[in-house]
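# Understanding the architecture of this molecule
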Amino acid sequence: MRLRYLVPRIVLLLIPLTGQAEVAPTPTELVQETVDAVIALLKEKSLDPDIRRDKIRALIDDSFDFRLMSQRALSANWKQATPDQQERFVDLFSQLLEWAYIGRIEAYTDEKVRYVDEKHKKGRAQVDTLILSGSTEIPVNYRLHKMGGRWRVYDVVIEQVSLIRNYRSSYREIVKQQGIDGLLAQMDNKLKELKAKADAAAVQG
Amino acid sequence: MSFRMSFDEEEEIAVRDPIEPFNRGMFWFNDKPYFYLFKPIARGLRILPEGSRESVDNFFSNLTTPIRFTNALLQLKFRAAGTEAGRFVINTILGIGGIFDYARRYFDLYKTNEDFRQTLGHYGVGPGPYLVLPLLGPSHPRDGLGLVPDAYIDPINWWLADSQFWPVVGIHAGVRVNKLALDKDTYEAITEEQFDPYIFVWDAYMQRRSKLVGK
């Protein structure tokens, strides 16, 4: 190959390398930092529950790709939804996922998390972790993809069960019976219900 | 679908739920003993220190090694069989009859979960429709069938061979309730957070089962 063709190619090849100089965390680093930070916040008992939730939400927002998660949870119905419905779904779904995720992490605050493996496949990564809880261990795998040069989580697989796929079956049924607006209304209700319950528990506790 | 996945997880679940009305009825029924009988007992057990309950769990789990070992061999999973054999020797000797899981703590040998249901799946026996069994919960006809051979290789049953029916049931129920006490209210979280716990559990069961059999 002639040199004048080769030089631009080398220059092109170098661009991603210089981009990496700002040290984006690897998938494992990203997951570990997020999980550690969430657990640290949960252990801080003196923190106001609302402030704690906001802080945790900020952490999760930063490392989870809720838009892609929403797309996958709705699958074929995503395309049927209007942009407005899509926006509302992303908002409600991210809040529901946060509840579910925080609730589970909260239950296992005192357990050890082990980072077992990191696999790569076609631009995606999977970080395998193991929660060592008493006499059992719970495999929790995080699936990530790269967006804007950063890794982001788009699915969490607990004991071989993909959270997103799990939601998909439930949501498909509801959309079939009540349409997308019906689903959005149900999600809204569920969030209010969960919040009311948490507030009641906080008053008691 | 607008988004295609590369982590071999996107295949649709083949077995649907043809007897859903029956299953939903059974699911609803199973909730009653769970919430009003087993769960309160399990909660009561939590008064005991967690370490002692873990030891009970470890002990019975060590005792049932032959089930996992045999089924690993039947599926020609020699590595899993080796792990189980290694765990058994280490935990029986160092872990004092299996009450401590030193194989996990010091040797990084994790328990496998091989059973006859997977062996059947491994040799191509189809699962049949989803089936919710009374008290035992989500299953397939194949899985229900798989429980029988495992009961024969379960040393707890040899040990109790000459006893009456109820003590045997009692021990098995005890082992399950102890597990329930060690669990962190997973099912409660599902019923609280999900619109339709039935579908959630159905889907989780299908995903998990197909992964375990396919491994």
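Here goes a summary of the coordinates provided. A quick note: this is a predicted structure, and the numbers were derived from the prediction, not measured.

What follows is about the packing of helix 4 (residues 66-74) of chain A against helix 6 (residues 83-107) of chain A. All names here are of chain A. For the pair helix 4 and helix 6, interaxial distance at closest approach is 9 Å and the crossing angle is 100°. In terms of their interaxial angle, helix 4 and helix 6 are classed as roughly perpendicular. Where helix 4 abuts helix 6, its residues Phe66, Arg67, Met69, Ser70, Ala73 and Leu74 lie against Gln86, Glu87, Phe89, Val90, Phe93, Ser94, Leu97 and Glu98. A per-class count over the contact of helix 4 with helix 6 returns 8 nonpolar, 3 polar and 3 charged.

Residues and elements named next belong to chain B. Along the chain, Gln75 turns up in the loop between helix 3 (65-74) and helix 4 (78-93). Classification of Gln75 by relative accessible area gives buried; the value is 2%. A polar side-chain atom of Gln75 sits 3.2 Å from a polar atom in the side chain of Thr119. When sequence neighbours within four positions are dropped, the list of residues in contact with Gln75 reads Glu114, Asp115, Gln118, Thr119, His122 and Tyr123.

It is worth spelling out the pairing of strand 2 (residues 124-133) of chain A at this point. Residue and element names in this part refer to chain A. The buried fraction of strand 2 amounts to 10 of the 10 residues, a majority that puts the element mostly inside the structure. Neither face of strand 2 is exposed, since Arg124, Gln126, Asp128, Leu130 and Leu132 on one face and Ala125, Val127, Thr129, Ile131 and Ser133 on the opposite face are all buried. Pairing of strand 1 (residues 112-121) with strand 2 involves 9 bridges; the strand directions are antiparallel. Residue pairing for strand 2: Lys121 is matched across the bridge by Arg124. Linking strand 1 to strand 2, which pair antiparallel, is a turn of 2 residues; within it Lys122 sits at a positive phi near 45°. Sheet topology places strand 2 next to strand 3 (residues 136-147); 10 bridges connect them, and they run antiparallel. Directly across from Gln126, in strand 3, lies its bridge partner Arg143. Between strand 2 and strand 3, which pair antiparallel one after the other, the connecting turn spans 2 residues, and Gly134 there sits at a positive phi close to 50°.

The next point concerns the interface of chain A and chain B. Listed as interface residues are 49 residues of chain A and, on the opposing side, 42 residues of chain B. At the junction of chain A with chain B, the criterion picks out 4 salt bridges. Across the salt bridge formed by Arg114 of chain A and Asp108 of chain B, the nearest N and O atoms sit 2.5 Å from each other. Among the secondary structure elements, those contributing two or more residues to the side of chain A that touches chain B are helix 4, helix 6, strand 1, strand 2, strand 3, strand 4 (150-158), strand 5 (161-162) and helix 7 (163-204) of chain A. With 17 residues, the top contributor of residues to the side of chain A that touches chain B is helix 7 of chain A. In terms of residue class, the side of chain A that touches chain B is built from 17 nonpolar, 13 polar and 19 charged.

Calculation rules
Residue positions within a chain follow its written sequence, with the count starting from 1. As they are written, the chains are lettered A onward and the ligands numbered 1 onward, keeping that order. In view of the model being predicted, local features appear only for residues whose pLDDT reaches at least 70, and side-chain atom pairs are presented and counted only at 80 or more, with totals across whole chains, interfaces and linings using the full set of residues. Remark: hydrogens and water are excluded; side-chain values derive from all non-hydrogen atoms of the structure. Here an angle of 0 to 180 degrees is reported between the N-to-C directions of two axes, which are lines fitted to C-alpha atoms, with helices fitted over the stretch in contact. The secondary structure listing takes helices from DSSP runs of H or I that are at least 4 residues long and strands from runs of E that are at least 2 residues long, numbered from the N terminus. Put simply, angles under 35 degrees are roughly parallel, angles over 145 are roughly antiparallel, angles from 65 to 115 are roughly perpendicular, and the rest are oblique. Any two residues whose heavy atoms approach within 4.5 Å are treated as being in contact. Polar here means any residue outside two lists: the nonpolar Ala, Val, Leu, Ile, Met, Phe, Trp, Tyr, Cys and Pro, and the charged Asp, Glu, Lys and Arg; Gly therefore counts as polar. Type-normalised accessible area, obtained with a 1.4 Å probe on protein chains alone, sets the label of each residue: buried when under 20%, exposed when over 50%, and partly exposed for intermediate values. Here a polar contact is recorded for every N or O atom pair within 3.5 Å, except that within protein the pair must consist of a potential hydrogen donor and a potential acceptor, and residues adjacent in sequence are included only if both atoms are side-chain atoms. When DSSP locates at least two bridges between a pair of strands, those strands are taken to pair. In the sections that follow, a salt bridge refers to a side-chain nitrogen of Lys or Arg positioned within 4 Å of a carboxyl oxygen of Asp or Glu.

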